Amino acid sequence: MSAIELLNWARGPALQVAVAIFIIGMIIRVLEVWLLGRKKDLSEARGNATAAGWRTILTRSVPPPGMWSHLIVGYVFHIGFLIALLFFVPHILFFKDIFGIRWPGLPNGLIDAVTIITLAAMAYTLFIRISDPVRRMLSTFDDYFAWLVTFLPLLTGYLAFHRHAGDYTMMLAMHIMSVNLLLVAFPFTKLTHAVTLFLARWYNGAIAGRKGVRV
Amino acid sequence: MRRDETLAAYLQRRGISRRGFLKFCAATASLMALPPGMAPTIAEALGKAKRPSVIWLSFQECTGCTESLTRSHNPTLESLILDAISLDYHHTLQAAAGSAAEEAREHAMEQFKDQYLLIVDGSIPVKHNGVYSTIAGMTNLQMLEETARHAAAIVAVGTCAAYGGIPHANPNPTGAVPVTEIIKDKPIINVPGCPPIPVVITGVLAHYLTFGTIPELDDLHRPLAFYGDTIHDRCYRRTFYDQGKFAKTFDDEGARNGWCLYELGCKGPTTHNACATTKWNNSTSFPIESGHGCLGCSEPDFWDAGSFYKPLSTSTTDLSDWAVGAVVAGAAAGVAAGLYHKVKKSSAVSRHHAVTVDELEDKP
């Protein structure tokens, strides 16, 4: 299979299957959690559960004191990843093709800088995971796999954009294939946290809020 | 041109000066990325070349490749080089018809056994034993196998012969395949394009005549000299791409300013061809220069790579309909999974019974 045939396959049938697995998988995961519901709490409410739930979704994004050094890297790579994903012009065209709307992009040079910073931040998160004995012990295959499938689209995208690593067609095919891999892996790994974190935070906050705990 | 006449003599007889001929050789050398010092070598080799026998087989094609070559411009050296080969068999161009035509092919094959150059344009249908295209009672498959057996080399001209092209496009009703899928034991040069650039065809012929070998090829059998770069690499609008200046429609301000056509579906970044450097119609222009994005016609499966007007970064399929279907399917499956868990939960609850102290004490 030549590079262009691989690219056509990656942009065509492979992407279709990956998107279907991603959407169906993620909806199943969220509906499962939501439909299972929670046992009815018969106690008298001592606070507003709903307000506490929403508030917790926001407050848990603020790092607790003393954890800045590590969390800052987490912030950098999450925000950097989203900037590269949502504000690189070819990506905006990809979303416009699906949703029919477009938004202004950022200059390529800025996206480029953000990507380098994001790659470095991700490399640092891996370094922390391996170098810290506690984190290393807690880490499973799932953790390294989730890291890899997130790292690859950034790396291949960077290489394709700069026409490094040989043929652009092959690199673009690799980039789209790495995105397909990310989409397929999403519902089956801890990457689902991109959606479920909101459910988890809401429940945590709501439970505490109902008991009258200040959140 | 008589068969034993050299090319130099023939060109002189046709009123092409030595100077004009050398200019062509220098241009060919530079086109093929050869060192400038090679121009005299080309001139010498071409000058001495006696008319090599060429058999041109046209299969499932539209004659566009022949048209590109023969009607590209008024008599130029390119077309005279084409005249200078002994085109012993070519449906469109030969005077002979019927059995006389086939005899010409058989005669050339016999007389120039293992020496003749075989040019193929069009794809070869192989479904149902190749009945979808026959010439003089022979299927294209039979004719190709028979003619290729004693060819010195094969040049697959056009995207159909090189990769299957439009006949090969989904659903490929005739089972069309390129030459490389059938002939495995001969040197094959692919000169793709729909149609290919005339000077690229003559450049390949000139290389063969000069060196007696085939030029350096890429993994898709294309001469690297012409197909080594992408259209995007050599595009004069490349700076606008780098600056992020894109035409959004074909008649907006950006289009009038000649900005990059990436957003309008230009496939230049993934298309290997020489259009941006050699251009067309006597180096007048090329598609992007006349305001239309590159279709990627010199790449395999260009016809099946989605809309010509969708950017390269989008899906080749209609993902929005597909995504709506996935949402519906996901919602149905999610509700089913949720109900299943609910049933499981309530049956677990109903099976549950409180353990008494006595029961616990009974246990060892």
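All values derive from a computational prediction rather than experimental measurement.

A. Structural context of a negative patch on the surface. Residues and elements named next belong to chain B. A contiguous patch of negative charge on the surface is contributed by Asp358, Glu359, Glu361 and Asp362. Here Glu359 lies in helix 17 (residues 357–362). Classification of Glu359 by relative accessible area gives partly exposed; the value is 35%.

B. Here's a closer look at the packing of helix 2 (residues 49–59) of chain A against helix 9 (residues 193–210) of chain A. Residues and elements named next belong to chain A. Their axes nearest at 7 Å, the elements helix 2 and helix 9 cross at an angle of 135 degrees. Judged on the interaxial angle alone, helix 9 and helix 2 are oblique. Crossing handedness for the pair helix 2 and helix 9: right-handed. For the pair helix 2 and helix 9, contact is made by Ala49, Thr50, Ala52, Gly53, Trp54, Thr56 and Ile57 and by Phe198, Arg201, Trp202, Gly205, Ala206, Gly209 and Arg210, respectively. Taken together, the residues of the contact of helix 2 with helix 9 sort by class into 7 nonpolar, 5 polar and 2 charged.

C. Structural context of the pairing of strand 7 (residues 153–157) of chain B. All names here are of chain B. Among the 5 residues that make up strand 7, 5 are buried, leaving the element largely enclosed by the rest of the structure. Burial along strand 7 is two-sided: Ala153, Val155 and Val157 facing one way and Ile154 and Ala156 facing the other are all buried. Direction of pairing for strand 3 (residues 117–121) relative to strand 7: parallel, over a ladder of 5 bridges. The residue bridging Val120 from the neighbouring strand is Ala156, located in strand 7. Two elements, strand 7 and strand 9 (residues 188–191), share 4 bridges in a ladder whose sense is parallel.

D. Representation of the nonpolar core in the model. Residues and elements named next belong to chain B. Residues Leu46, Val191, Val200 and Ile288 are the most contacted members of the largest nonpolar core, which totals 49 residues. Each of two domains, domain 1 (52–226) and domain 2 (231–324), supplies a minimum of three residues to this core. For Ile288, the residues in contact, after removing those within four places along its chain, are Ile231, Cys235, Tyr236, Arg237, Leu261, Cys266, Gly293 and Cys294. Formed by 27 residues, the second largest nonpolar core is a distinct cluster that contains Ile135, Ala148, Ala151 and Val177.

E. Seen up close, the pattern of salt bridges. Per the stated rule, a full pass over the model turns up 16 salt bridges over all chains. Linking Arg102 of chain A and Glu263 of chain B is a salt bridge whose minimum nitrogen-to-oxygen distance equals 2.8 Å. With Arg102 of chain A in the loop between helix 4 (89–99) and helix 5 (108–131) and Glu263 of chain B in the loop between helix 14 (253–256) and helix 15 (275–278), this pair bridges two chains. The shortest N-O distance in the salt bridge between Glu102 of chain B and Arg105 of chain B comes to 3.2 Å. Placement of the pair is Glu102 of chain B and Arg105 of chain B together in helix 6 (residues 98–111), with a separation of 3 residues, close to one helical turn. Each of the two residues, Glu102 of chain B as well as Arg105 of chain B, counts as buried. Among the charged side chains, a salt-bridge network with shared partners connects Arg102 of chain A together with Lys248 and Glu263 of chain B.

What counts, and where the lines are drawn
Residue numbers here run from 1 along each chain, matching the order of that chain's written sequence. Each chain takes a letter, starting from A, and each ligand takes a number, starting from 1, following the order in which they are written. Thresholds applied to this predicted model are a pLDDT of at least 70 for local features of residues and 80 or more for the giving and counting of side-chain atom pairs; totals over whole chains, interfaces and linings are not thresholded and use all residues. Computation of side-chain values covers all heavy atoms of the structure but excludes hydrogens and water. Only residues whose relative accessible area exceeds 30% and that form no salt bridge are eligible for patches; like-charged ones are grouped when within 9 Å, while nonpolar side chains (Val, Leu, Ile, Met, Phe, Trp, Tyr) are grouped when within 5 Å. Values of accessible area rely on a 1.4 Å probe in the Shrake-Rupley scheme; residue burial ignores everything except the protein chains shown. Salt bridge, as applied in this entry: a Lys or Arg side-chain nitrogen positioned within 4 Å of an Asp or Glu carboxyl oxygen. His is not counted, nor are the chain ends, whereas Lys and Arg count as positive and Asp and Glu as negative. By convention, the point assigned to a charge is CZ for Arg, NZ for Lys, CD for Glu and CG for Asp. Numbering of helices and strands starts at the N terminus; helices are DSSP runs of H or I of at least 4 residues and strands are runs of E of at least 2. Residue burial is assigned from relative accessible area. The probe radius is 1.4 Å, only protein chains are included, and a residue is buried under 20% of its type maximum, exposed over 50%, and partly exposed in between. Comment: axis = line fitted to C-alpha atoms, over the contacting stretch for helices; angle = value between 0 and 180 degrees taken between N-to-C directions. Each angle gets one of four labels, with under 35 degrees taken as roughly parallel, over 145 as roughly antiparallel, 65 to 115 as roughly perpendicular, and the rest as oblique. Helix crossings fall into two classes, left-handed where the near helix is turned counterclockwise from the far one by less than a right angle and right-handed where it is turned clockwise. Here, two residues are considered to be in contact whenever any of their heavy atoms come within 4.5 Å of each other. Under the scheme applied here, ten amino acids are nonpolar (Ala, Val, Leu, Ile, Met, Phe, Trp, Tyr, Cys and Pro), four are charged (Asp, Glu, Lys and Arg), and all others, including Gly, are polar. Here, any two strands with at least 2 DSSP bridges between them count as paired. The definition of a nonpolar core used throughout is a set of buried Ala, Val, Leu, Ile, Met, Phe, Trp, Tyr and Cys residues joined through side-chain atoms within 4.5 Å. Throughout, the edges of the domains are those of an automatic or database domain assignment.

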